[in-house]
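Each chain, letter by letter, is given below.
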Amino acid sequence: MRKLMICFAAGCAGALINSLAVWVFGKYGIMDFFSVAMTPKLTPEWIYPRIVWGGLWGFLFLLPIWNAQPLAKGAFLSIFPTIGQLLVVFPIQTHKGYLGIELGLLTPIFVLIFNLIWGWVAAFSIKYAR
């Protein structure tokens, strides 16, 4: 049970930092500079589901791979929420096109970067929680 709670909490921490990174990139015009229309408002309605989903994705860290390498494990596992966002959330739930291309051509790159942040924060949170 302890491992489950640690993985969920680490996923939530990763999602919080991921969400703040997305917001900062939007607020300071980085997304606009690259013609990507992902500029969220930092509201509970936007951030709460992201944190919960980040916690659920955190259960991936229970997989016994690269336990000694948090950077590698975090990077590898960040591919799964990236695929989910690009192939399910954008085209089906938010109707922003395949890979979120309607938001801008570089959207998949930013999604990959932001989810990499999630993976690394979650991996290091787990490492230091034990």
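Position labels on residues start from 1 in each chain and follow its written sequence. Totals for whole chains, interfaces and linings use every residue, but because this is a predicted model, local features are given only for residues with pLDDT of at least 70 and side-chain atom pairs only at 80 or more, for both listing and counting. Side-chain numbers here rest on the full set of heavy atoms in the structure, without hydrogens or water.

S.K.: Can you lay out the side chain of threonine 107 for me, pointing to particular residues and giving the numbers?
M.R.: Segments assigned H or I by DSSP are reported as helices when at least four residues long, segments assigned E as strands when at least two residues long, and all are numbered from the N terminus. Tracing the sequence through the fold places threonine 107 in helix H6 (residues 107-129). The contact partners of threonine 107, leaving out residues within four places of it in the chain, are Val36, Met38, Phe90, Leu99 and Gly100. In this description, contact between two residues means that some pair of their heavy atoms is separated by no more than 4.5 Å.

S.K.: I'd like a description of the packing of helix H5 (residues 79-93) against H6, backed by residues and values.
M.R.: Axes, fitted as lines to C-alpha atoms, cover a helix only where it is in contact. Angles between the N-to-C directions of the axes lie from 0 to 180 degrees. Contact pair H5 / H6: the axes reach a minimum separation of 8 Å and the direction vectors enclose 140°. Here H5 lies oblique to H6, going by the angle between them. As H5 packs across H6, the resulting crossing turns out to be right-handed. Judged by residue contacts, Ile79, Pro81, Thr82, Gln85, Leu86 and Phe90 of H5 engage Thr107, Pro108, Val111, Leu112, Asn115 and Trp118 from H6. All residues other than Ala, Val, Leu, Ile, Met, Phe, Trp, Tyr, Cys, Pro, Asp, Glu, Lys and Arg, Gly among them, are scored as polar; the first ten of these are nonpolar and the last four charged. Looking at the contact of H5 with H6 residue by residue, the class counts come to eight nonpolar, four polar and no charged. Between 65 and 115 degrees an angle is taken as roughly perpendicular, under 35 as roughly parallel, over 145 as roughly antiparallel, and anywhere else as oblique. For any pair of crossing helices, the crossing counts as left-handed if the nearer helix is rotated counterclockwise from the farther one by less than a right angle, and right-handed if it is rotated clockwise.

S.K.: Lay out the environment of alanine 122 with the relevant residues and their values.
M.R.: Residue placement: alanine 122 occurs in helix H6. The class for alanine 122 is buried, based on a relative accessible area of 0%. Alanine 122 sits 49 residues away from lysine 73 along the chain, and the two C-alpha atoms are 9.8 Å apart. Setting aside residues up to four positions removed in sequence, alanine 122 forms contacts with Ala10, Gly11, Gly14 and Phe61. The cut-offs for exposure are 20% and 50% of the maximum accessible area for each residue type, with area from a 1.4 Å probe on protein chains only; residues under the lower value are buried, those over the upper are exposed, and the others partly exposed.

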